[in-house]
Amino acid sequence: QVQLAESGGGSVQAGGSLRLSCAASGNINSDYFMSWFRQAPGKEREGVAGIRTAYGRTWYGDSVKGRFTISQDNAKNTVYLQMNSLKPEDTAMYYCAVRGTYDGSWRDPLNYVYWGQGTQVTVSA
């Protein structure tokens with residue numbers, strides 16, 4: 001079992017920044033694939049960014065490229081999502097998740113087996 005604990009959400013005005021953290025614990029080694037997803041009311045869960053920790057390779061959703069950065073601290077088993085130039089449309093519940101398989105798209109929530117409880121991000125105009 002793997003436990004994921006998110007933190008760092010909050011309310012910010014448009015143009016502001018937030019940094020989310022996701023700390024992994026339990027049965028996890030140094031090579032895993034973690035992503036951040038978000039879900040706004042009435043919308044599907046959307047892949048925001050992903051990282052393969054063994055290589056530091058990253059992936060981003062089109063709507064956040066150039067504004068968000070995913071990074072890792074291997075010593076702490078923690079993945080971060082730095083969010084800059086926030087927009088009202090970034091408002092959502094943000095979740096971190098760990099993949100159970102490397103097959104298929106990183107954007108597909110069905111490829112993830114461990115999920116955090118979520119942290120709310122609210123961006124006001």
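Going by the structure above, here's the rest.
Residues numbered from 1 in each chain as written. Predicted model: local features only at pLDDT ≥ 70, side-chain atom pairs only at ≥ 80, totals over all residues. Heavy atoms only, no water.

(A) Broad picture of the pairing of strand S6 (residues 57–60). Bridge count between strand S5 (residues 46–52) and S6: four bridges; the pairing is antiparallel. Across the sheet, the residue bridging to Gly50 is Trp59, located in S6. Hairpin connection from S5 to S6: four residues lie between these consecutive antiparallel strands, with Gly56 at a positive phi of about 75°. (Pairing = 2+ DSSP bridges. Helix = DSSP H or I, 4+ residues; strand = E, 2+ residues; numbered from the N terminus.)

(B) View of the packing of aromatic side chains. All chains considered together, the criterion is met by five aromatic pairs. Summarising the aromatic geometry, the rings of Tyr95 and Trp115 are spaced 6.4 Å apart at their centres and angled 80° between planes, so their arrangement reads as edge-to-face. Within this pair, whereas Tyr95 is found in strand S9 (residues 92–99), its partner Trp115 is found in strand S10 (residues 112–115), the two being separated by 20 residues in sequence. Three or more aromatic residues joined by ring pairs form one cluster here, namely Phe37, Tyr95, Tyr112 and Trp115. Across from the ring centre of Phe33, 5.0 Å away, lies the NZ or CZ of Arg99, which sits over that ring. (Phe/Tyr/Trp six-rings, centres within 6.5 Å; stacked < 30°, edge-to-face > 60°. Lys NZ or Arg CZ within 6 Å of the ring centre and 35° of its normal.)

(C) The arrangement of the state of the cysteines in detail. Under the counting rule described, the total for this entry stands at one disulfide. One disulfide in the model links Cys22 with Cys96; its S-S distance is 2.0 Å. Its S-S torsion of about 60° marks the bond between Cys22 and Cys96 as right-handed, since a negative value means left-handed. Highlighted residues: Cys22 in strand S3 (residues 18–26) and Cys96 in strand S9, separated in sequence by 74 residues. Take Cys96: its relative accessible area is 0%, and that puts it in the buried class. (Disulfide = S-S within 2.5 Å. Buried < 20%, exposed > 50% of the residue type's maximum accessible area, 1.4 Å probe, protein only.)

(D) The sheet that holds strand S7 (residues 68–73), seen in detail. Spatially, S1-S3-S8-S7 is the arrangement adopted by the four strands of the open sheet, whose pairing is antiparallel. Here the strands that pair on one side only, and so sit at the sheet edges, are strand S1 (2–7) and S7. In this sheet, neighbouring strand axes are inclined to one another by 20° on average, regardless of whether the strands run parallel or antiparallel. The pairing of S3 with strand S8 (residues 78–83) spans six bridges and is antiparallel. Residue pairing across strands places Ser21 opposite Tyr80, the latter belonging to S8. (Axes fitted to C-alpha atoms, helices over the stretch in contact; angles between N-to-C directions.)

(E) Focus on the nonpolar core. Counting residues in hydrophobic clusters, the biggest one holds 29 residues, and the most contacted among them are Met34, Trp36, Leu81, Met83 and Tyr94. Of all the secondary structure elements, the ones that give two or more residues to this core are S1, S3, strand S4 (33–39), S5, S7, S8, S9 and strand S11 (119–124). Apart from the residues within four sequence positions on either side, Met34 is in contact with Leu4, Cys22, Ala24, Ala49, Gly50, Ile51, Ile70, Val79, Cys96, Ala97 and Val98. Phe33, Phe37, Ala97 and Tyr112 belong to the second largest nonpolar core, which has five residues in total. (Core = buried A, V, L, I, M, F, W, Y, C linked by side-chain atoms within 4.5 Å. Contact = heavy atoms within 4.5 Å.)

(F) Geometry of the pattern of salt bridges. Using the criterion set out here, one finds five salt bridges in the structure. Here Asp31 ties to Arg52 by a salt bridge, and the two come within 2.6 Å at their closest N and O atoms. Of this pair, Asp31 sits in the loop between S3 and S4 while Arg52 sits in strand S5, placing them 21 residues apart in sequence. Owing to a relative accessible area of 28%, Asp31 belongs among the partly exposed residues under this scheme. For Arg52, a relative accessible area of 17% gives the class buried. In this structure, Asp62 engages Lys65 in a salt bridge whose closest nitrogen and oxygen atoms are separated by 3.3 Å. Like Asp62, the residue Lys65 is exposed in the burial classification. A network of salt bridges, in which partner residues are shared, links Arg38, Glu46, Arg67 and Asp90. (Salt bridge = Lys/Arg side-chain N within 4 Å of Asp/Glu carboxyl O.)

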